[in-house]
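Listed here are the chains, written in short residue letters.
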Amino acid sequence: MNTPLLEVRNLVRHYPLPRERLWGPAPVAQALNGVSFTLKRGCNLGLVGESGSGKSTLARLVMALDKPTSGSVHLLGRDLHQLNPAQLQAARRDFQMVFQDPYGSLDPRQKVARIVAEPLAAQGQASVAEQRDRAAEMLGFVGLKRSDLDKYPHEFSGGQRQRVAMARALICRPQLIVADEPLSALDVSVQAQVINLMQDLAQEFGITYLLISHDLAVVSHLCQDVVVMHRGRIVEQGAPQRLFSAPQHEYTRTLVAAVPRAEPPRSA
């Protein structure tokens with residue numbers, strides 16, 4: 001029996017809120033309530049839902065950047081939230097993240113060579129010279145040049161900065177990349193280029209994506225399975241062709257109905 005790449009089991013995350021009364025119980029915000037799904041290798045999974053539905057909280061828990069109130073996240077059979085710091089750092093070779101804002105996620109004070117090689121440096125896997133060579137190799141895979149190593153993030157366009165972020169995520173050859181709204185900060189003309197890049201990289205490196213997006217068209221293009229989240233719960237799951245053409249849950253129907261559609265011009 002093959003171990004799933006990622007298995008999320010009954011994930012719950014509650015955040016305490018300020019007390020309304022001195023002696024009263026502290027209220028909680030219920031960000032996630034019993035979320036479960038399985039992600040197989042090579043089967044990209046899209047998470048869709050409105051702002052506040054719990055998508056980004058789920059991403060942080062999958063990346064072990066936050067701890068769940070209860071439940072578990074298993075990557076290649078390992079419960080990430082039960083690992084000690086050294087074990088978790090070693091496990092991070094297998095999963096990386098691409099954030100929404102490529103400028104905000106790149107240190108503006110560092111050159112691209114150091115930014116891209118940062119995961120290698122954290123893992124202590126290579127000398128400085130080897131890190132630079134690997135960074136140059138990764139830039140080549142995402143369509144940038146070796147000469148770009150000595151540039152700063154502000155010297156690139158938005159699409160190029162997201163390519164730098166992809167190179168950084170790729171450098172340890174992870175099996176899973178969590179992409180949190182990776183296209184929303186980009187111009188429409190650039191989004192198609194990045195989508196094609198993500199597809200090419202998946203084929204080249206055997207990457208599986210957990211894609212968080214509000215754009216149903218992007219999810220349909222990149223993902224083989226889709227999870228619809230609403231108020232911290234999964235309300236529907238299935239293949240995008242079925243889910244978006246014949247949604248079963250009322251909330252999914254609302255999402256699909258909200259997608260703008262081009263209409264032919266009316267004749268005078």
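Just above, that's the structure.
1. Describing the sheet that holds strand 4 (residues 70–75)
Part 1 of the argument: An order of 2-1-4-5 is seen for the four strands of this open sheet, with the pairing classed as antiparallel. Two strands in the sheet have a free side with no partner beyond their single neighbour: strand 2 (28–39) and strand 5 (78–79).
Part 2 of the argument: Here two bridges tie strand 4 to strand 5, and the two strands are oriented antiparallel to one another. Considered in strand 5, the bridge of Leu75 is made with Arg78.
Part 3 of the argument: Along the sheet face, helix 1 (residues 55–62) touches strand 1 (6–16), strand 2 and strand 4 and points at about 115° away from the line of strand 1.

2. Some points on the packing of helix 5 (residues 158–170) against helix 6 (residues 188–205)
Part 1 of the argument: Where helix 5 contacts helix 6, the two axes come as close as 10 Å, and the packing angle between them is 15°. Between helix 5 and helix 6, the angle falls in the class roughly parallel. For helix 5 against helix 6, the interelement crossing comes out right-handed. Facing Gly159, Gln162, Arg163, Met166 and Leu170 of helix 5, the residues of helix 6 in contact are Val190, Gln193, Val194, Leu197, Met198, Leu201 and Phe205.

3. What about the nonpolar core?
Part 1 of the argument: Core analysis: the biggest nonpolar cluster contains 51 residues, and Val116, Val142, Leu170, Leu201 and Tyr209 have the highest contact counts within it.
Part 2 of the argument: In terms of residue count, the dominant contributor to this core is helix 6 (eight residues).
Part 3 of the argument: With residues up to four places along the chain from it excluded, the contact list for Leu201 reads Phe141, Val142, Met166, Leu170, Gly206, Ile207 and Tyr209.
Part 4 of the argument: Core analysis: the second largest hydrophobic core is formed by 29 residues, Ala59, Val62, Met63 and Leu210 among them.

4. Brief notes about helix 1
Part 1 of the argument: With six of eight residues buried, helix 1 is to be regarded as a mostly interior element.
Part 2 of the argument: For helix 1, the full list of buried residues reads Lys55, Thr57, Leu58, Ala59, Leu61 and Val62.
Part 3 of the argument: Positive backbone phi, at 60°, marks Ala64, one or two positions downstream of helix 1.

5. Overview of the packing of aromatic side chains
Part 1 of the argument: Enumeration over the complete set of coordinates arrives at one aromatic pair.
Part 2 of the argument: Ring geometry for Phe141 versus Phe205: centroids 4.9 Å apart, planes at 75°, classification edge-to-face. A residue pair is termed long-range when its members are at least 10 positions apart, and Phe141 in helix 4 (residues 128–141) and Phe205 in helix 6 qualify at 64 residues.
Part 3 of the argument: For Phe141, a relative accessible area of 31% puts it in the partly exposed group.
Part 4 of the argument: Judged by relative accessible area, which is 17%, Phe205 ranks as buried.

6. As for the side chain of Gln96
Part 1 of the argument: Looking at where Gln96 falls in the secondary structure, it is placed in strand 6 (residues 95–98).
Part 2 of the argument: Classification of Gln96 by relative accessible area gives buried; the value is 16%.
Part 3 of the argument: A polar contact is formed between the side chain of Gln96 and the backbone oxygen of Arg92, at a distance of 2.8 Å.
Part 4 of the argument: If sequence neighbours within four positions are ignored, Gln96 has contacts with Met63, Pro119, Ala169, Pro174, Leu176, Ile177 and Val178.

7. Here we look at the pairing of strand 9 (residues 225–230)
Part 1 of the argument: Along strand 9, six of the six residues are buried, which leaves the element largely enclosed by surrounding structure.
Part 2 of the argument: Alternating residues of strand 9 divide into Asp225, Val227 and Met229 and Val226, Val228 and His230, and every residue in both groups is buried.
Part 3 of the argument: As paired strands, strand 3 (residues 45–48) and strand 9 are joined by four bridges and run parallel to one another. Residue pairing across strands places Gly46 opposite Val226, the latter belonging to strand 9.
Part 4 of the argument: Where strand 9 and strand 10 (residues 233–238) come together, five bridges link them in antiparallel fashion. Along strand 10, the bridge assignment pairs Val228 with Glu236.
Part 5 of the argument: Hairpin connection, strand 9 to strand 10: the antiparallel pair is bridged by two residues, and Arg231 has positive phi, about 55°.

8. Section: the sheet that holds strand 6
Part 1 of the argument: Read across the open sheet, the six strands follow the order 6-7-8-3-9-10; overall the sheet is mixed. Each edge of the sheet is formed by a strand with only one pairing partner; in this case those strands are strand 6 and strand 10. Recorded for the sheet is a direction-independent mean angle of 20° between the axes of neighbouring strands.
Part 2 of the argument: Of the strands in this sheet, strand 3, strand 6, strand 7 (176–180), strand 8 (208–212) and strand 9 touch helix 1, which is tilted by about 150° from strand 7.

The rules behind each value
- Starting afresh in each chain, residues are numbered from 1 along the sequence in its written order.
- pLDDT decides what is reported in this predicted model: residues at 70 or higher carry local features, side-chain atom pairs at 80 or more are listed and counted, and totals for whole chains, interfaces and linings draw on all residues regardless.
- Think of the side-chain values as coming from all heavy atoms in the structure, minus any hydrogens and water.
- A pair of strands is labelled paired if DSSP reports no fewer than 2 bridges between them.
- The helix and strand labels rest on DSSP assignments: H or I over at least four residues marks a helix, E over at least two residues marks a strand, and numbering proceeds from the N terminus.
- By definition in these notes, contact holds between two residues if any of their heavy atoms fall within 4.5 Å.
- Where helices are involved, their axes are fitted lines through C-alpha atoms of the stretch in contact, as for all axes, and angles between N-to-C directions lie from 0 to 180°.
- For this classification, under 35 degrees means roughly parallel, over 145 means roughly antiparallel, 65 to 115 means roughly perpendicular, and everything else is oblique.
- Crossing handedness is defined as follows: a turn of the near helix away from the far one that is anticlockwise and smaller than a right angle gives a left-handed crossing, while the clockwise case is right-handed.
- We define the nonpolar core as a collection of buried residues of types Ala, Val, Leu, Ile, Met, Phe, Trp, Tyr and Cys that are connected through side-chain atoms lying within 4.5 Å of one another.
- Remark: exposure states derive from per-residue accessible area (1.4 Å probe, protein chains only) relative to the maximum for the residue type, with buried under 20%, exposed over 50%, and partly exposed in between.
- Planes of paired rings set the category: under 30 degrees apart is stacked, over 60 is edge-to-face and the rest tilted, where pairs are Phe, Tyr or Trp rings (Trp by its six-membered ring) whose centres lie within 6.5 Å.
- Whenever two N or O atoms come within 3.5 Å, that pair is a polar contact, provided that in protein one can donate a hydrogen and the other can accept it, and provided that, for residues adjacent in sequence, both atoms are side-chain atoms.

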